[in-house]
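Architecture and fold: a report
Given next are the chains, with one letter for each unit.
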Amino acid sequence: MQKTTIGILGAGAWAMALANLATDNGHEVRIWSRGGKVSLSAVLQNADIILSAISMTGVSEIVSQMEFLPLSAKTIFVTATKGLDPQTTCTPSQIWQGAFPDHPVVVLSGPNLSAEIRQSLPAATVVASKNQKAAQLVQQVFSSSCFRVYTNPDPIGVELGGTLKNIMAIAAGVCDGLHLGTNAKAALVTRGLTEMVRIGQNWGAKTETFYGLSGLGDLLATCNSPLSRNYQVGYQMAGGKTLVEVLANLPGTAEGVNTCQVLIKRAQEHSIAIPITEQVYALLQGEVTPRQALEELMLRDIKPEYNC
Ligand SMILES: NC(=O)c1ccc[n+]([C@@H]2O[C@H](COP(=O)([O-])OP(=O)(O)OC[C@H]3O[C@@H](n4cnc5c(N)ncnc54)[C@H](OP(=O)(O)O)[C@@H]3O)[C@@H](O)[C@H]2O)c1
Ligand SMILES: O=P(O)(O)OC[C@H](O)CO
């Protein structure tokens, strides 16, 4: 395929893993980070693709900075951040699209623990956009024998899968940290997926998207791996550490912590039932112990599995 120029925003674990994939495929990659030597305008200049892999806390800020910088009219934005904006509850792709309405925006999300990808272990991901051509170009740029990339026409569903599973990964870490067993873990992950689907439906996402790589796939990866920072938050809190103690030693960002708070706000505004998220939130706030959170979930009113 033709060589493209890619500006990558962020130099964290995920940004560097994606940069390596694109470089290995022969593309020109320029990396911007707030502490780096290369200016933002130099990274953006004539870029075919601008990929953001910065933490959610930095997205609105970087978007505001970029609105005043020159961009190629054909630039495609790719967002790889898995979080929600605390002020607006918007997803990263909604923020990018709102600021750059004339550019295609592609969401890249899937079961992608960066440490495994940097070792060239096999993995798959999804690139989702309303603009099919843009998604196909991004698919080609990142596809390789160890990274299989699928396209998808439901960006909000793909993005929410990757974002919401972080909360379930915290819960899964608690489950494993308390040694609750395989049955408990299966119940948690399955009911977690039901909760994710319910939130996604309220947001206008397609239900089937949550049963794909970016939903169930990422849920399985993150809820079962000690490499996941979100899982580590739950696991270590189950071991008796406070959130502050866990975050002080965590390598990188655990987006589920902030996402949980934003989701509580959104669920209240839209009357969405999110019992697992509520217990994770209460745990993170120090309002309940891991055992109390478990008891709250187990003793909820009994009911049918599905609302028919
Ligand atoms: N790691 C993974 O396995 C993985 C996989 C898929 C998706 N993700 C998602 O990718 C995002 C980044 O994760 P990560 O693992 O790469 O995290 P990370 O290693 O902690 O890196 C975060 C990056 O964001 C930058 N950043 C944070 N706040 C910023 C701000 N206000 N302005 C500009 N830059 C800012 C950081 O810059 P500084 O270094 O200057 O702080 C750093 O470059 C998260 O949303 C995560 O959920 C991660
Ligand atoms: O380390 P985590 O918990 O942010 O998970 C990383 C990726 O989102 C896994 O797909």
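For clarity, every value in this text was computed on a predicted model and none was experimentally measured. (Residues numbered from 1 in each chain as written. Chains lettered and ligands numbered in written order. Predicted model: local features only at pLDDT ≥ 70, side-chain atom pairs only at ≥ 80, totals over all residues. Heavy atoms only, no water.)

Around ligand 1, a shell composed of 22 residues is seen, among which Arg34, Ser114, Arg229, Thr253 and Glu255 lie nearest. Residue Arg34 places a side-chain N or O atom 2.8 Å away from an oxygen atom belonging to ligand 1. Here Asn112 contributes a backbone N or O atom positioned 3.3 Å from an oxygen atom of ligand 1. Relative to its unbound accessible area of 890 Å², ligand 1 is 82% covered by the protein chains. Grouping the amino acids of the shell around ligand 1 by side-chain chemistry returns seven nonpolar, ten polar and five charged. (Near = heavy atom within 4 Å. Polar contact = N/O pair within 3.5 Å; in protein donor to acceptor, adjacent residues only side chain to side chain. Areas by Shrake-Rupley, 256 points an atom, 1.4 Å probe, with all protein chains shown as cover. Nonpolar A, V, L, I, M, F, W, Y, C, P; charged D, E, K, R; others polar.)

Before going further, it helps to examine the UniProt feature "active site" (unreviewed entry) in the chain. The sites that UniProt annotates as "active site" (unreviewed entry) are Lys165. As for its position among the elements, Lys165 is in helix α7 (residues 155-177). Note on Lys165: relative accessible area 5%, which makes it buried. When near neighbours in sequence (up to four residues on either side) are disregarded, Lys165 contacts Lys82, Leu160, Met196, Asp218, Leu219 and Thr222. (UniProt positions renumbered as here; feature names shortened; annotations may be inferred. Helix = DSSP H or I, 4+ residues; strand = E, 2+ residues; numbered from the N terminus. Buried < 20%, exposed > 50% of the residue type's maximum accessible area, 1.4 Å probe, protein only. Contact = heavy atoms within 4.5 Å.)

Our next topic: unusual backbone geometry. Despite not being glycine, Asn46 shows a phi value in the positive range, around 55°. For Asn46, the position within the fold is in the loop between α2 (40-44) and β3 (49-52). A relative accessible area of 58% places Asn46 in the exposed class. Positive phi values are uncommon outside glycine, yet Ser120 reaches one of about 60°. For Ser120, the position within the fold is in the loop between α5 (114-118) and β6 (123-128). Using a relative accessible area of 46% as the deciding quantity, one classes Ser120 as partly exposed.

Before going further, it helps to examine the pattern of salt bridges. Counted under the stated rule, the structure contains four salt bridges. Among the ionic contacts, a cluster of salt bridges with common partners joins Lys82, Lys165 and Asp218. (Salt bridge = Lys/Arg side-chain N within 4 Å of Asp/Glu carboxyl O.)

Turning our eyes to something else, we now look at the nonpolar core. By size, the foremost hydrophobic cluster in this structure holds 48 residues, and its most contacted members are Leu160, Phe210, Val233, Leu263, Val280 and Leu284. Listed by contribution, the elements that provide at least two residues to this core are α7, α8 (182-203), α9 (213-223), α10 (229-238), α11 (243-248), α12 (256-270) and α13 (275-284). Per element, the largest residue contribution to this core is eleven residues, and it comes from α7. (Core = buried A, V, L, I, M, F, W, Y, C linked by side-chain atoms within 4.5 Å.)

With that settled, consider the state of the cysteines. All chains considered together, the criterion is met by zero disulfides. Unpaired in this structure, Cys175 has its nearest cysteine sulfur neighbour in Cys223, at a distance of 9.3 Å. Taking relative accessible area as the criterion, Cys175 reaches 5% and is therefore assigned buried. Cysteine Cys260 is unpaired, with the sulfur of Cys223 as its nearest cysteine sulfur at 13 Å. The class for Cys260 is buried, based on a relative accessible area of 0%. (Disulfide = S-S within 2.5 Å.)

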